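Architecture and fold: a report
Next come the chains, spelled out residue by residue.
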Amino acid sequence: KTFSEMALSLFGSGNLWLVSDNRGKLAILPLPNQDTPLAIELYPLLNLDLWEHAYYLKHQNRRADYIANWFPLVNWEEIGRRYQEALIANALQNMP
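Fair warning: this is a prediction, and the values are worked out from it, not measured in the lab.

Criteria and cut-off values
Residues numbered from 1 in each chain as written. Predicted model: local features only at pLDDT ≥ 70, side-chain atom pairs only at ≥ 80, totals over all residues. Heavy atoms only, no water. Helix = DSSP H or I, 4+ residues; strand = E, 2+ residues; numbered from the N terminus. Buried < 20%, exposed > 50% of the residue type's maximum accessible area, 1.4 Å probe, protein only. Contact = heavy atoms within 4.5 Å. Areas by Shrake-Rupley, 256 points an atom, 1.4 Å probe, with all protein chains shown as cover. Pairing = 2+ DSSP bridges. Axes fitted to C-alpha atoms, helices over the stretch in contact; angles between N-to-C directions. Parallel < 35°, antiparallel > 145°, perpendicular 65-115°, else oblique. Left-handed = near helix turned anticlockwise from the far one by under 90°. Nonpolar A, V, L, I, M, F, W, Y, C, P; charged D, E, K, R; others polar.

To continue, consider the overall build of the protein chain. Counting secondary structure elements, the protein chain contains four helices and three strands. The buried share of the protein chain, reckoned over its 96 residues, is 31%. Sequence separation of at least 24 residues holds for 52% of the intrachain contacts in the protein chain that already meet a minimum separation of 6. A total accessible area of about 6500 Å² is found for the protein chain, and carbon and sulfur atoms account for 57% of it.

Here it is as structure tokens:
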């Protein structure tokens, strides 16, 4: 629900990201335009493209419909795998 609400509140074009920080803490991060979480040292796990080109042909200006129809397409097993990968990479990076 929080992810959908944040997606709906992102003004204009951009992306909504599910990210992990270097301690494994998850966050939802709205970024404008083509900004990426990599630039602020966050590990991207999931991205929702909110640029109008992503949904206009099928949903016209109904962003809420696009978001609702997007969720069933997410491969949550893959997101879990990416999160585990981020945790391992962070653990290895923080080893003495």
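Here we come to the environment of Gly12. Examined against the element boundaries, Gly12 turns out to sit in the loop between helix H1 (2–9) and strand S1 (14–20). Residue class for Gly12 comes out partly exposed when judged on its relative accessible area of 35%. Once the C-alpha coordinates of Gly12 and Asn33 are considered, the two residues, 21 residues apart in sequence, prove to be 8.2 Å apart. Sequence-distant contacts of Gly12, that is, excluding residues within four places in its chain, are made with Leu50 and Arg63.

Where burial is concerned, most of S1 is hidden: seven out of the seven residues are buried. Residues Gly14, Leu16, Leu18 and Ser20 point to one face of S1 and Asn15, Trp17 and Val19 to the other, with burial holding for every one of them. Hairpin connection from S1 to strand S2 (residues 26–32): five residues lie between these consecutive antiparallel strands, with Gly24 at a positive phi of about 90 degrees. In the sheet, S1 pairs with strand S3 (residues 43–49) via six bridges, with the strands oriented antiparallel. Bridged to Leu16 within S3 is Leu48.

Now for the packing of H1 against helix H3 (residues 63–70). Packing of H1 against H3 leaves a shortest axis separation of 10 Å and a crossing angle of 150 degrees. Relative to H3, H1 is oriented roughly antiparallel. Classified by chirality, the crossing of H3 by H1 is right-handed. Here Phe3, Ser4, Ala7 and Leu8 of H1 lie close against H3, whose contacting residues are Arg63, Ala64, Ile67 and Trp70. Per-class residue counts for the contact of H1 with H3 are six nonpolar, one polar and one charged.

This paragraph deals with the sheet that holds S2. Spatially, three strands are ordered S2-S1-S3 in an open sheet, and the strand pairing comes out antiparallel. A single partner strand is all that each edge strand has here, and the edge strands are S2 and S3. Mean inter-strand twist for the sheet, computed between neighbouring axes without regard to direction, equals 25 degrees. Against the sheet, helix H4 (residues 76–93) engages S1, S2 and S3, with an angle of about 150 degrees to S3.

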